[in-house]
Structures are given as structure tokens and as C-alpha cells.
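Each chain, written out:
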Amino acid sequence: MPAAREAADTTEIRDWLVERVAFYLESRPQDVDTAAALIELGLDSVYALTLCGDVEDRFGLVVEPTMAWDHPTVDALTAHLTQELSGR
């Protein structure tokens with residue numbers, strides 16, 4: 001995958017994750033710190049599991065239910081999903 005396209009994909013993934021996390025937290029996307037642990041932002045286990053389902057629906061991936069805890073920040077999730085999607 002060309003670097004420019006991969007960067008665009010990474011940005012799209014991060015933006016989508018920020019939107020979802022903001023939705024769950026009932027906050028604005030600009031208030032989501034992508035380097036902060038999701039649990040510190042207030043994302044609980046129910047929403048973390050829901051996020052896994054959203055990722056599966058949006059990206060057509062099968063992910064572990066512990067994904068949000070294994071990759072505990074939006075930045076870490078973005079890197080993980082970018083890698084998973086580039087491996088397809």
C-alpha cells in the first residue's frame with residue numbers, strides 16, 4: 001500500500017475511533033485525548049465491548065473482545081487496526 005494511502009487510512013481510522021469514543025462518552029470529538037487510556041477517559045467495559053462490535057461492522061474484521069484493553073488508547077487502537085487492515 002502506498003505510504004500516502006496508508007496515512008490517509010490511518011487518519012480515517014483515528015477520526016472514526018475518536019467519533020465513536022466521543023459518542024460513547026457523550027462528549028465532543030475534540031475533547032478526546034487520543035494518547036489517554038480509554039478507561040481514564042471514562043470508557044467502561046460495556047462501551048469497550050460495543051466498540052469491538054462497531055469495529056467489526058465498520059472494517060469487516062473479527063477482533064478479540066479485549067481489543068480496547070489490549071490497545072488502551074485511540075492511538076494504539078489506530079495503529080493496531082491500520083496493521084490489521086494492511087495485512088488483508
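Use the structure listed above.
Asks: When you look at the overall build of the protein in this model, what are you seeing that I'm missing?
Replies: Along the protein, the regular secondary structure elements total 5 helices and 0 strands. Buried residues in the protein amount to 36% of all 88 residues. Look at the contacts in the protein between residues 6 or more apart in sequence, and 58% of them connect residues 24 or more apart. When the accessible surface of the protein is summed, it comes to about 5100 Å², and 52% of that surface belongs to carbon and sulfur atoms.

Asks: What is the right way to read the packing of aromatic side chains from this model?
Replies: How two aromatic rings sit relative to each other is given by the distance of their centres and the angle of their planes. If you walk through the whole model with that rule in mind, you get 3 aromatic pairs. Plain terms: the ring middles of tryptophan 16 and phenylalanine 59 are 5.2 Å apart, the flat faces sit at 80° to each other, and that makes the pair edge-to-face. Note that tryptophan 16 is positioned in helix H1 (residues 3–25) and phenylalanine 59 in helix H3 (residues 45–59), a separation of 43 residues in sequence. Residue classification places phenylalanine 59 among the buried positions, given a relative accessible area of 10%. An angle of 20° between the planes, with centres 5.0 Å apart, marks the rings of tyrosine 24 and tyrosine 47 as stacked.

Reading guide: rules and limits
- Residues numbered from 1 in each chain as written.
- Predicted model: local features only at pLDDT ≥ 70, side-chain atom pairs only at ≥ 80, totals over all residues.
- Heavy atoms only, no water.
- Helix = DSSP H or I, 4+ residues; strand = E, 2+ residues; numbered from the N terminus.
- Buried < 20%, exposed > 50% of the residue type's maximum accessible area, 1.4 Å probe, protein only.
- Contact = heavy atoms within 4.5 Å.
- Areas by Shrake-Rupley, 256 points an atom, 1.4 Å probe, with all protein chains shown as cover.
- Phe/Tyr/Trp six-rings, centres within 6.5 Å; stacked < 30°, edge-to-face > 60°.

Shape descriptors only; they carry no functional weight alone.
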